[in-house]
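Observations on the three-dimensional arrangement
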Amino acid sequence: MRDSSSEPTMPELMYREALNQALAEEMERDANVFLIGEEVGRYNGAFKVSQGLLDKFGSARIIDAPISELGFTGLSVGAAAVGLRPVVEMMTWNFAILAMDQIVNNAAKLRHMSGGQLRCPIVFRGPGGAGGRLSSQHSQSLEANYAHFPGLKVIAPATPADAKGMLKSAIRDENPVIMFEGERLYALKGEVPEGEHIVPLGKADVKREGTDVTLITWSRMYYFCMEAAEALAKEGISVEVLDLRTLRPLDEEAILASVRKTNRAVICEEGWALAGIGASVVDLIQSQAFDDLDAPVVRVTGLDVNMSYAANLENATQPDAPKIIAAVKKVLYREGA
Amino acid sequence: MASAYSKDLLLTMYRKMYLLRRFEERAGQQYTLGKIAGFCHLYIGQEAVAVGCNEAIRPDDYMLSAYRDHGQPLARGSDAGMIMAELFGRGTGYSKGKGGSMHIFDIEHHFYGGYGIVGGQIPLAAGMAFAARYRNEDRVTVCFFGDAAANQGAFHETFNMAQKWKLPVIYICENNRYGMGTAIARTSAVPEIHKRASAYGMRGEAVDGMDVLKMYEAVKDAAEYCRAGKGPVLMEANTYRFRGHSMADPANYRSKQEVEDERRNDPIPKLREFAMKQGFGLSDADFESIEEEEKRAVDAAVKFADESPEPSVDELWRDTIVEPGEEDVRPRERVLGVKVTNWPKYPSGQELKVTWDLEPRAEAEQADKKAGLSR
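All residue numbers refer to position in the chain's written sequence, counted from 1. Chain letters and ligand numbers both follow the written order, the letters beginning at A and the numbers at 1. Local features in this predicted model are restricted to residues whose pLDDT is 70 or higher, and side-chain atom pairs enter the listing and the counts only when it is 80 or higher, whereas totals over whole chains, interfaces and linings include all residues. Each side-chain value is derived from all of the structure's non-hydrogen atoms; neither hydrogens nor water enter the calculation.

1. Observations concerning the overall build of chain B
Going by this rule: Helix and strand assignments come from DSSP, with helices taken as H or I runs of at least 4 residues and strands as E runs of at least 2, each series counted from the N terminus. A radius of gyration in this sense is built from C-alpha atoms; the matching globule rule multiplies 2.2 Å by the number of residues raised to 0.38. In what follows, a contact means two residues having at least one pair of non-hydrogen atoms within 4.5 Å. Per-residue and other accessible areas follow the Shrake-Rupley method at a 1.4 Å probe size, with only the shown protein chains counted as cover for residues. Neither His nor the chain ends is counted toward charge; the positive residues are Lys and Arg and the negative residues Asp and Glu. Working definition for charges: the position is that of NZ of Lys, CZ of Arg, CG of Asp or CD of Glu.
Counting its secondary structure elements, chain B contains 13 helices and 8 strands. A compact globule built from 375 residues should have a C-alpha radius of gyration of about 21 Å, and chain B, at 22 Å, falls within 12% of that. Projecting the C-alpha coordinates of chain B onto the three principal axes gives extents of approximately 70 × 55 × 45 Å. Long-range pairs, those at least 24 residues apart, make up 74% of the contacts in chain B with a sequence separation of at least 6. As presented, chain B carries roughly 16,100 Å² of accessible surface, and 50% of it is formed by carbon and sulfur atoms. Taking the average place of the 50 positive charges on the side chains of chain B and the average place of its 57 negative ones, the gap between the two points comes to 2 Å.

Given below as structure tokens:
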């Protein structure tokens, strides 16, 4: 655990305010950076991430796009190919499915197809995961889709501080970066360092140290994992929580180091199990640290169904602390598993 | 009567059209010999479109195309040997053999690529035009696409933005009448593509794409319009491909008669005939010597490709992600040792001043007022 008693207290910001701060700072630093998306300007952003930026930077840099995901995404990729640094806000990643051709077939491949002549410094960002009772088309965790493609980096910060530091890194990165924000994290508060706070891409973070089992997670599920870890601590089970933060490239070293320390792992992801990120983490662990394992790795994932509207069905579909606790007990061969 | 065109321009256009034709004939031949694989879409018959256009714009204007993309970079001045090497899958190709026929990129000559997904490059072009305005550059972007791409959503979505934001981009639809093997009239509610511009309040026009001078005039005029900040242009170049959609297509879906009729409309002899009548004292021998030179150039290109090595297997791990501090690749320097002096350099964040107002505040407020809103 970090000792922050000797440091000056940091301001508490909401996740959305941390993102707003990162955007404003990077736009001030570099005039090549612009933000484009639906309602990012005069409406101040569907989730208020871009609050106040239009007044500060003007309409050429905070651009209200028509509801044409493929169109404005492709336009931004073209601008990036000739040296600008666009940040494309997806109102939600569910709508970005319409723009997937531009992200996957152009942004991810421009450098390769041109034999290294082109670079595509662009950030695609927006909320992912379940909202509050939004049913099937608005409640999807699509990280795995993008993590599948070489040429893209995929990030999913859980805390306001990471959100700020990773967005700044993403904007400065020379590659296309896909950033999943948690739709239900925007109002969440946390300490955020002021000014130049950079969190490097590709680095996982041990958010809670433990010795009995490693809980591997990212984005909103991080909070359920922490809740589970606190509850398990009361039963004398010491849980390490590893927040992956970047899903492509995976921080393989951090995953293996933690598993070698605790000898047990549970992976929690909001998305579906089949071909999920967790499947790749399991593969990594069993191929690189098999001899260190004291139990098979267990996954807690969203159920293999589409999301329902009814409150009880919605809750039943997603992972939560009790499900994670049960999984931890299973890898520890404890009761009920 | 003095000619409206210089002798130099006419001969340059002839030379380039002949180069494009000869290059593609040889590419087709190499494909049948098994030297070129994958999809190979030849440009034969459409030369007037690329050449007329290229002579009408500036060397540093942005250009991009679809998968039928050998002709435009050749017209821009790209190295024929390096394009052929790319078709052969050799390490000396523009993309080190990673792109092949459908993905020719030559940034030195401001050719920003061939793209393999129908219509997928249309929004990219608007983005390049956007960047030019953002940086206050007096630059137009030319984007080629086929008639079938006009039925993609990308076409509609992009035109709406391009016109709304008055982006300096010329969209040239090369209407060769077939989307792969299907006649455009069978799949399009409005097969006259240029008419669709009116749906966006955008300038649209049809041009005889089998006449290089008509293409030249039309693009010159369109480029002036774009540079004046009047907005984008949709130009439909009515043309014809003499061969199938790709080398894999015997083109049985059209009659011999149709192809024969179109071949009589070949843009290359048409320009030669015109040039001879312009009082420059040109003779058949002048054109024949140009043809000989270009034939030799293409032969040399084939030889260069054939003798070039395959890319090293290590190349697999390069050019996907930019590593920190990694330099950009200048292919002609890498392959031919030719010093590249016109590699694009973009202003850093501090140098750039953005003065453009995409949606002036007063206008936006007026639009809100008209809609009965107040914010």
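Further notes follow.
2. Topic: the sheet that holds strand S4 (residues 169–175) of chain B
Remark on secondary structure: sheet strands pair via backbone hydrogen bonds, oriented parallel or antiparallel. Residues and elements named next belong to chain B. The following threshold applies: Pairing between strands is defined by DSSP: at least two bridges between the two strands are required. The convention used is that axes are lines fitted to C-alpha atoms, helices contributing only their stretch in contact, and that angles between N-to-C directions extend from 0 to 180 degrees.
Here 6 strands make up an open sheet; going across it, the order is S2-S1-S3-S4-S8-S7 and the pairing parallel. Both edges of this open sheet fall to strand S2 (111–114) and strand S7 (203–208), since each of them pairs with a single strand only. Each strand of the sheet is rotated relative to its neighbour by a mean of 15°, with strand direction disregarded. Lying on the sheet, helix H6 (residues 153–164) is in contact with strand S3 (141–146), S4 and strand S8 (233–238); it crosses S4 at an angle near 150°.

3. Brief notes about the pattern of salt bridges
Residues and elements named next belong to chain A. Rules: Throughout this description, the term salt bridge denotes a Lys or Arg side-chain nitrogen within 4 Å of a carboxyl oxygen of Asp or Glu.
Inspection of every chain in the model, using the stated rule, returns 59 salt bridges over all chains. For Arg85, the salt bridge identified is with Glu174, shortest N-O distance 3.3 Å. Linking Arg85 in strand S4 (residues 85–89) with Glu174 in the loop between helix H7 (160–172) and strand S7 (177–182), this pair joins segments that are 89 residues apart in sequence. The closest approach of N and O atoms between Lys329 and Glu235, which form a salt bridge, is 3.0 Å.

4. A look at the interface of chain A and chain B
For the record, the criterion: We define buried area as the total accessible area lost by two parts upon association, computed with a 1.4 Å probe and summed across both. Within 3.5 Å is the distance limit for a polar contact, defined as a pair of N or O atoms, with the added protein rule that one can donate a hydrogen and the other accept it, and that residues adjacent in sequence qualify only through two side-chain atoms. Under the scheme applied, nonpolar residues are Ala, Val, Leu, Ile, Met, Phe, Trp, Tyr, Cys and Pro; charged residues are Asp, Glu, Lys and Arg; polar residues are all the others, including Gly.
Listed as interface residues are 51 residues of chain A and, on the opposing side, 57 residues of chain B. Summed over both partners, the interface of chain A with chain B buries about 4,400 Å², with 60% contributed by carbon and sulfur atoms. By the criterion of area lost to chain B, the three top residues of chain A are Arg42(A), Val82(A) and Gln117(A), representing 19% of everything that side buries. Where chain A touches chain B, the interface holds 3 salt bridges. Note that Glu365(B) and Arg42(A) form a salt bridge whose closest N and O atoms lie 3.7 Å from each other. On inspection of chain A and its partner chain B, the count reaches 24 residue pairs in polar contact (both at pLDDT 80 or more). At the level of secondary structure, the elements contributing two or more residues to the side of chain A that touches chain B comprise strand S2 (33–37), helix H2 (53–57), strand S3 (62–64), helix H3 (69–81), helix H4 (100–107) and helix H5 (110–113) of chain A. At 10 residues, the largest contribution of residues to the side of chain A that touches chain B is made by H3(A). Looking at the side of chain A that touches chain B residue by residue, the class counts come to 22 nonpolar, 17 polar and 12 charged.

5. Considerations on the packing of helix H1 (residues 7–32) of chain B against helix H4 (residues 80–88) of chain B
Residues and elements named next belong to chain B. We apply this condition: For classification purposes, angles smaller than 35 degrees are called roughly parallel, those larger than 145 roughly antiparallel, those between 65 and 115 roughly perpendicular, and all remaining angles oblique. By convention the crossing between two helices is left-handed if the near helix lies anticlockwise of the far one by an angle smaller than a right angle, and right-handed if it lies clockwise.
Where H1 contacts H4, the axes come no closer than 11 Å and their chain directions differ by 25°. For the element pair H1 / H4, the angle class is roughly parallel. Helix-helix and strand crossings are classified by hand; for H1 and H4 the assignment is right-handed. For the pair formed by H1 and H4, the contact residues are Phe23, Arg26, Ala27 and Gln30 on the first element and Ala80, Ile83, Met84, Leu87 and Phe88 on the second. Tallied by class, residues from the contact of H1 with H4 come to 7 nonpolar, 1 polar and 1 charged.

6. What to know about the packing of H3(A) against H6(B)
Following both chains from N to C, one finds H3(A) and H6(B) inclined at 70°, their axes separated by 8 Å at the closest point. Between H3(A) and H6(B), the crossing angle belongs to the class labelled roughly perpendicular. The chirality of how H3(A) crosses H6(B) is right-handed. Contacts between H3(A) and H6(B) involve Glu69(A), Leu70(A), Gly71(A), Phe72(A) and Leu75(A) from the former and Ala154(B), Glu157(B) and Met161(B) from the latter. Of the residues that constitute the contact of H3(A) with H6(B), the class distribution is 5 nonpolar, 1 polar and 2 charged.

7. Regarding the pairing of S7(B)
For a regular strand, side chains alternate in direction, first toward one face of the sheet and then toward the other. Residue and element names in this part refer to chain B. Definition in use: Think of it in three bands: with a 1.4 Å probe and only protein chains considered, a residue is buried below 20% of the maximum accessible area for its type, exposed above 50%, and partly exposed in between. Look down the strands so they point away from you; if the path from the first strand over the helix to the second goes clockwise, the crossover is right-handed.
The side-chain alternation of S7 yields one buried face, formed by Arg203, Glu205 and Val207, and one unburied face, formed by Gly204, Ala206 and Asp208. The pairing of S7 with S8 spans 6 bridges and is parallel. Bridge pairing in S8 places Val207 opposite Ala237. Each parallel crossover has a hand, and for S7 linked through helix H8 (residues 212–227) to S8 it is right-handed.

8. Considering H6(B)
Rules: To estimate the expected span of a helix, subtract one from its residue number and multiply by 1.5 Å.
With 12 residues, H6(B) should reach 16 Å at 1.5 Å per residue; the first-to-last C-alpha distance of 17 Å fits that figure. Three or more residues of H6(B) are buried, namely Ala154(B), Phe155(B), Glu157(B), Thr158(B), Phe159(B), Met161(B), Ala162(B) and Gln163(B). Check the buried side of H6(B) and you find it contacts H3 of chain A together with helix H5 (122–134), S3, S4 and S8 of chain B. Of the residues one or two after H6(B), Lys166(B) is the one with positive phi, at around 50°.

9. Some thoughts on the pairing of S8(B)
All names here are of chain B. Most of S8 is tucked away: 5 of the 6 residues are buried. Sheet topology note: the S4/S8 ladder contains 6 bridges and is parallel. Its bridge partner lying in S8, Glu174 is registered against Ala237.

10. Observations concerning the environment of Lys270(B)
All names here are of chain B. With respect to the element layout, Lys270 can be found in helix H10 (residues 267–276). The sequence separation of Lys270 and Tyr240 amounts to 30 residues, and the corresponding C-alpha distance is 15 Å. Excluding anything up to four places from it in sequence, Lys270 contacts Asp208, Met210, Asp211 and Asn265. At 3.0 Å, the side chain of Lys270 and the side chain of Asn265 are in polar contact.

11. Details of the confidence of the model for chain B
Under the convention used in this document: pLDDT expresses, on a scale from 0 to 100, how confident the predictor is about each individual residue.
In the predicted model, chain B carries a mean pLDDT of 95, and 99% of its residues have values of at least 70. In the predicted assembly, ipTM is 0.96 and pTM is 0.96.

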